[in-house]
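Each chain, letter by letter, is given below.
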Amino acid sequence: MISFSRCLNKNQAVLIIRQLQRSLSSQTNGETRIAHILKEKFPTATALKVVDISGGCGAMYEVHIESNEFKGKRTVQQHQLVNQALKEEIQGMHGLRIFTDVPRE
């Protein structure tokens, strides 16, 4: 039987180890900072998740937020609200994925 590590090249192994370490650790400082800002801006949010999808360097984030404040607004308007809330943080990012939703009643 061939060991798992022999099937991967060095870069793949490093990437898997980093992802495993990331999944076992707490949020990064950037994730915590962005979540704090969004909690202040959307205090009635029923769900919020911020993930650094750049491997931990803070260059790109994914935000999932569910709030009644999005009710009656088009998706683009919902995303504009999130962008406005994160205006200063976005300046230092390469990208931001935003997923918004309205809580089910």
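Above this note sits the structure.
Predicted model only: the values in this text are computed from it and were never measured.

Draft legend 1. Structural context of the overall build of the protein. For the protein, the helix and strand inventory stands at 4 helices and 3 strands. In the protein, the succession of α and β elements from N to C terminus is α-α-β-β-α-α-β. For the protein, buried positions account for 27% of its 105 residues. Accessible surface computed for the protein: about 7600 Å², of which carbon and sulfur atoms make up 52%.

Draft legend 2. Layout of the nonpolar core. Counting 15 residues, the largest nonpolar core has Ile34, Leu38, Phe42, Val50, Ile65 and Val82 as its most contacted members. For this core, the secondary structure elements donating two or more residues are helix H2 (29–41), strand S2 (60–66) and helix H3 (75–85). With 4 residues, H2 is the single largest residue contributor to this core. Filtering out sequence-adjacent residues up to four positions away, Phe42 remains in contact with Ile65, Ser67, Glu69, Phe70, Leu81, Val82 and Ala85.

Draft legend 3. Summary view of the packing of aromatic side chains. In this structure the tally under the stated criterion is 1 aromatic pair. Note on Phe42 and Phe70: the rings are 5.3 Å apart at their centroids and 50 degrees apart in plane angle, and the pair reads as tilted. Here Phe70 lies in the loop between S2 and H3 and Phe42 lies in the loop between H2 and strand S1 (47–52), a separation of 28 residues in the sequence. In this structure Phe70 comes out as buried when scored by relative accessible area, which is 0%.

Rules used throughout
Residues numbered from 1 in each chain as written. Predicted model: local features only at pLDDT ≥ 70, side-chain atom pairs only at ≥ 80, totals over all residues. Heavy atoms only, no water. Helix = DSSP H or I, 4+ residues; strand = E, 2+ residues; numbered from the N terminus. Buried < 20%, exposed > 50% of the residue type's maximum accessible area, 1.4 Å probe, protein only. Areas by Shrake-Rupley, 256 points an atom, 1.4 Å probe, with all protein chains shown as cover. Core = buried A, V, L, I, M, F, W, Y, C linked by side-chain atoms within 4.5 Å. Contact = heavy atoms within 4.5 Å. Phe/Tyr/Trp six-rings, centres within 6.5 Å; stacked < 30°, edge-to-face > 60°.

Just distances and angles here, no functional claims.
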